[in-house]
Amino acid sequence: MTFEKIISLLPYEPPFLFVDELHEVDKEGISGSYTYHESAYFYEGHFKNNPVTPGVILTETMAQIGLVAYGIYLLSLTSKNLNLTNTKIALVSTEMSFYIPVYPNEKVKVVSKKEYFRMNKLKCHVEMFNEKEELVCRGKIAGMMKL
Amino acid sequence: MTNNETMLSDLKGIIQPYIQNQEAFDNLTEATDFINDLKINSANLVDIVLDVEDKFDIEIDNDSMDRMLNVKAALEVIQEKLSTK
């Protein structure tokens, strides 16, 4: 499955799509990136006169690339004509640590490694890096994906 | 071969971190239902199954996992998998 195809199957759209491109994907994990444009709506209020990317948005970005895009790929390995119309997706747990802030117009890279995908539950160890390759945040995210 | 009591206490140890109803856990019997009584969510049921696999060194297939909804059924699955090991 091509990267473009995976992105097209994501169940998000702007202003809540946080995947620009995917770089690598295999049975062990996935990586992708996203640039937070300065015009994004959340900078208007987070914080007052001091735009910083909210941690929940960083977490969402990690989940969209590291769990949902990756989950679509993993499901495509088991199902030839992948039909995601009725796919049920739910975030079930996050455990995240944040190290440095991400400012408007910064590009981040997400690297996700699979811990397990069993009985519809995908759990990954996910890291985010900025353009200087500095660790922005790291943690574990799990979700349920059922066709 | 692990006897029944040890198996039950091992299982309780595995379940404990995921329970949301302490009272039901304190009064746990074979009939105790993981979801309805202990209020464990389906995502954590998967964690319990994976922990059971590690603890007893067995592999639990999806069909068996679907059956593991209460204490009695979980013990049965563990015994079944141990006996065919």
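Residues numbered from 1 in each chain as written. Chains lettered and ligands numbered in written order. Predicted model: local features only at pLDDT ≥ 70, side-chain atom pairs only at ≥ 80, totals over all residues.

Participant: Quick question: what am I supposed to make of the overall build of chain B here?
Facilitator: What chain B contains, in helices and strands, is five helices and zero strands. Counting from the amino terminus, chain B carries its helices and strands in the arrangement α-α-α-α-α. Relative to the globule expectation of 12 Å for 85 residues, the C-alpha radius of gyration of chain B, 12 Å, shows essentially globular dimensions. With respect to the three principal axes, the spread of C-alpha positions in chain B is 35 × 25 × 20 Å. (Helix = DSSP H or I, 4+ residues; strand = E, 2+ residues; numbered from the N terminus. Rg over C-alpha atoms; globule rule 2.2 N^0.38 Å.)

Participant: Please explain the environment of A:P11 as it appears in this structure.
Facilitator: Looking at where A:P11 falls in the secondary structure, it is placed in the loop between helix 1 (3-9) and strand 1 (21-25). Each C-alpha atom of the pair A:P11 and A:Q64 lies 9.4 Å from the other, and the pair is 53 residues apart in sequence.

Participant: Explain the nonpolar core here, please?
Facilitator: Residue and element names in this part refer to chain A. Counting residues in each nonpolar core, the largest one holds 31 residues, and the members touching the most others are M62 and A69. When residues of this core are traced back to their parent elements, those giving at least two are strand 1, strand 2 (29-35), helix 2 (55-78), strand 4 (107-118), strand 5 (121-129) and strand 6 (135-146). Top contributing element to this core by residue count: helix 2, with eleven residues. (Core = buried A, V, L, I, M, F, W, Y, C linked by C-beta atoms within 7 Å. Buried ≥ 20, exposed ≤ 12 C-beta atoms within 10 Å, placed from the backbone.)

Participant: Looking at this structure, I do not really get the packing of helix 1 (residues 4-15) of chain B against helix 3 (residues 42-56) of chain B. What am I missing?
Facilitator: Axes are the key here: two packed helices are described by the angle between their axes and the distance separating the axes. All names here are of chain B. Put simply, helix 1 and helix 3 touch, their axes get as near as 10 Å, and they point 135 degrees apart. Between helix 1 and helix 3, the angle falls in the class oblique. Note on packing geometry: the crossing formed by helix 1 with helix 3 is right-handed. Within the contact between the two elements, helix 1 uses D10, I14 and I15 and helix 3 uses I48, D51, V52 and K55. (Axes fitted to C-alpha atoms, helices over the stretch in contact; angles between N-to-C directions. Parallel < 35°, antiparallel > 145°, perpendicular 65-115°, else oblique. Left-handed = near helix turned anticlockwise from the far one by under 90°. Contact = placed C-beta atoms within 7 Å.)

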